[in-house]
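Each chain, written out:
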Amino acid sequence: MSNQEIVKKLLDKGILPTAENIAQESTNVTIVKPRIDDLRARVKIVKEFDYKQKKITADDFTTHYRERYKTMRTILFNRPEAASAVSIDRVKDMLSDEDQVIIGIVSDVARMYTGTVKLIVEDLTSQITVIISSKNNDLIEEAKFLTLDEVLIFKGRVRKGVMFLHAIIRPDVPQKKETFSPEEVYSVFSGDIHVGSNLFLPKQFSNFIDWLSGKVGTERQREIARKTKYFYIPGDLVDGIGIYPGQEKELKITNLRSQYEELSKFLSRVPDDKQIIICPGNHDSGVRLEEPQPRMQDYAESILELPNVTMVTNPSYTNIHSMDNYSGQDVLMYHGYSFDRLIDQVEGLRLAGGYEKADEIHKFLLKRRHLSPSHNLNLTIPMKQDSHIISQIPDIMVSGHIHKANIGNYKNTISISGSCWQAVTDFQLKFGHVPDPGMIPIINLKTRKGSMLSFK
Ligand SMILES: [Fe+2]
Ligand SMILES: [Fe+2]
């Protein structure tokens, strides 16, 4: 029996089609039905990034990078290795045989035919050439993960104004202390709906909304649906207009406002007690592409009118389900537009699984404390406060964009990538996307355990 047939059979029986239940279907394992509690959704917006459009000058970029360097340096000073750091203009004149430590931004990476890697590293005082010997296998391996503009601690011996590298230390995140909700309550994560595309999958999306509305499933599955109080949508709600050349041939709805109106018909079926938290993605063409993207407003009026929608910027931090003696879960939501070029540019990420492994991408970004480390990954507004710096460590980090569902964990930050509700497009194939529609990551905030629901 195919997966699709099993899912249909489960839904006909009123059973939630989780990956486990699909597997259990052949062995007929019974599902337990615990007690149902009354729950109330609580969402707080913790941090957003507003920016009033103005004329951008070269000075804005200089300030942006100086401030980024300073903020990252402050983060790096939490690392014991930073204690002995000196400025680059001082380190270049040093004649000691001992290792020196600098904090710098990577401004060039060149790989020599001999296998040696040559970096140019800058700080606010000067720049220096940093050499990674081809014989140092660990560092050469590490160099596969280097990106332009990341700010790191470099440790090595300095000879005639050149540093011979012995160690790279990244800002990284500390092990997060886990907190658990006193109540059993769930959050689901699913963006990249792409309404308006002729490859949008309305039947599958409708099945998901039916489940979320408590209309299908056994008592236990309806109970989980009822206890699901948070629904995060990390962007690409609609397919948008004029996103890529020839898109009009792949559109069923060619008017942007009508695309959102069609989506609102689905979302209005989600019971009001569930909070829907939404940020824009690169297909939501009613807002600018440059990040941070503002809250969705124009064209998405029909979504804004829904009583249970919280619009936030991309990126943003929200907090869910806090109560007396429980601080809730901080959720960092970022659409993930930087991921395409990141996968393209970072050999180590491609070797780790590329589009298949969003958790590796999240880990890479958490280690760098930055959502878009290189200037060429994204169109970024050069704000004084860099919106891509991961200034606080989230309990949950969620993204979309790569259309591949994934649940991971890095030092107790749960990593979530949503799938999509759109079949594969020619455009995605060209960029190596292999979408996996209809998969829903769900997290129980009481146990912080995740599982995957399938609505294929
Ligand atoms: Fe998308
Ligand atoms: Fe996207």
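Residues numbered from 1 in each chain as written. Chains lettered and ligands numbered in written order. Predicted model: local features only at pLDDT ≥ 70, side-chain atom pairs only at ≥ 80, totals over all residues. Heavy atoms only, no water.

With that settled, consider the overall build of the chain. The number of helices and strands found in the chain is 13 helices and 17 strands. Relative to the globule expectation of 23 Å for 456 residues, the C-alpha radius of gyration of the chain, 24 Å, shows essentially globular dimensions. Taking the principal axes of the C-alpha coordinates as reference, the chain spans close to 75 × 45 × 45 Å. Taken over 456 residues, the chain has a buried fraction of 56%. Working note: accessible area of the chain is about 19800 Å², and carbon and sulfur atoms make up 49% of it. (Helix = DSSP H or I, 4+ residues; strand = E, 2+ residues; numbered from the N terminus. Rg over C-alpha atoms; globule rule 2.2 N^0.38 Å. Buried < 20%, exposed > 50% of the residue type's maximum accessible area, 1.4 Å probe, protein only. Areas by Shrake-Rupley, 256 points an atom, 1.4 Å probe, with all protein chains shown as cover.)

Per the stated rule, a full pass over the model turns up 25 salt bridges. A salt bridge links Glu48 to Arg295; its shortest N-O distance comes to 2.5 Å. Placement of Glu48 in the loop between strand 1 (43–47) and helix 3 (58–76) and of Arg295 in the loop between strand 9 (275–279) and helix 9 (301–304) is noted, with a sequence separation of 247 residues between them. Judged by relative accessible area, which is 39%, Arg295 ranks as partly exposed. Where Arg368 meets Glu150, a salt bridge forms, and the shortest distance between an N and an O atom there is 3.0 Å. Of this pair, Arg368 sits in helix 12 (residues 358–368) while Glu150 is found in the loop between helix 5 (137–143) and strand 5 (151–159), placing the two residues 218 residues apart along the sequence. Given the relative accessible area of 3%, Glu150 is considered buried. If you follow the salt bridges from partner to partner, you end up with Glu142, Glu150, Arg170 and Arg368 in one network. (Salt bridge = Lys/Arg side-chain N within 4 Å of Asp/Glu carboxyl O.)

Let us now look at the coordination of the iron ion (ligand 2). Distances from the iron ion (ligand 2) to its protein donors, Asp236 (OD), Asn282 (OD1), His335 (NE2) and His401 (ND1), fall at 2.1 to 2.2 Å. Coordination geometry of the iron ion (ligand 2): the four donor atoms subtend angles of 84 to 155 degrees at the metal centre, consistent with an arrangement described as irregular. When the donor residues of the iron ion (ligand 2) are listed from N- to C-terminus, their spacing reads D-x45-N-x52-H-x65-H. A separation of 3.4 Å is found between the iron ion (ligand 2) and the iron ion (ligand 1), which share Asp236 as a coordinating residue. Of the two residues, Asp236 is situated in the loop between strand 8 (228–234) and helix 8 (256–267) and His335 in the loop between strand 12 (329–334) and helix 10 (339–345); the sequence distance between them amounts to 99 residues. (Donors = N, O, S within 2.8 Å, 3.2 Å for Na, K, Ca; no water. Tetrahedral: all angles 85-135°; square planar, octahedral: opposite > 155°, others 65-115°.)

So, on to the coordination of the iron ion (ligand 1). Taken together, Asp192 (OD), His194 (NE2), Asp236 (OD) and His403 (NE2) make up the full set of protein donors to the iron ion (ligand 1), lying 1.9 to 2.2 Å away. Considering all four donor atoms around the iron ion (ligand 1), angles at the metal cover 88 to 172 degrees and the coordination shape is irregular. Along the chain, the residues that donate to the iron ion (ligand 1) are spaced as D-x1-H-x41-D-x166-H. His194 gets classed as buried once you look at its relative accessible area, which sits at 1%.

As a further point, take the side chain of His64. Among the secondary structure elements, His64 is positioned in helix 3. According to the relative accessible area criterion, His64 is buried, its value standing at 3%. One polar contact links the side chain of His64 to the main-chain carbonyl oxygen of Met383, over a distance of 2.8 Å. Each residue touching His64, except ones within four places of it in the same chain, is listed here: Thr380, Ile381, Pro382, Met383 and Asp386. (Polar contact = N/O pair within 3.5 Å; in protein donor to acceptor, adjacent residues only side chain to side chain. Contact = heavy atoms within 4.5 Å.)

Note on soluble globular proteins: their nonpolar side chains tend to be buried together. Counting 37 residues, the largest nonpolar core has Phe205, Phe208, Trp211, Leu267, Ile278 and Ile303 as the members making the most contacts within it. For this core, the secondary-structure elements that each account for two or more residues are strand 7 (186–189), helix 6 (202–212), helix 7 (219–227), strand 8, helix 8, strand 9, strand 10 (309–311) and strand 16 (439–444). Other than its neighbours up to four places away in sequence, Ile278 contacts Ile233, Leu237, Met296, Ile303, Val309, Thr310, Met311, Val312 and Met333. In this structure, Val173, Tyr334, Ile361 and Leu371 belong to the second largest nonpolar core, which totals 22 residues. (Core = buried A, V, L, I, M, F, W, Y, C linked by side-chain atoms within 4.5 Å.)

Moving on: the pairing of strand 5. The pairing of strand 2 (residues 100–111) with strand 5 spans six bridges and is antiparallel. Bridging from a neighbouring strand, Ile103 pairs with Ile153 of strand 5. Here seven bridges tie strand 5 to strand 6 (residues 162–169), and the two strands are oriented antiparallel to one another. Across the sheet, Val158 pairs through a bridge with Met163, a residue of strand 6. Joining the antiparallel neighbours strand 5 and strand 6 is a turn of two residues, in which Lys160 adopts a positive phi near 50 degrees. (Pairing = 2+ DSSP bridges.)

We now examine the confidence of the model for the chain. Per-residue confidence for the chain gives a mean pLDDT of 91, with 94% of residues at or over 70. Of the regions scoring below 50 in pLDDT, residues 29–36 engages in 16 contacts with residues more than four places distant in sequence or in other chains. (pLDDT = per-residue confidence, 0-100.)

Between helix 6 and helix 8, the shortest axis-to-axis distance is 10 Å and the interhelical angle comes to 35 degrees. Mapping the contact onto sequence places Pro202, Phe205, Ser206 and Ile209 in helix 6 and Leu263, Phe266 and Leu267 in helix 8. Taken together, the residues of the contact of helix 6 with helix 8 sort by class into six nonpolar, one polar and no charged. (Axes fitted to C-alpha atoms, helices over the stretch in contact; angles between N-to-C directions. Nonpolar A, V, L, I, M, F, W, Y, C, P; charged D, E, K, R; others polar.)

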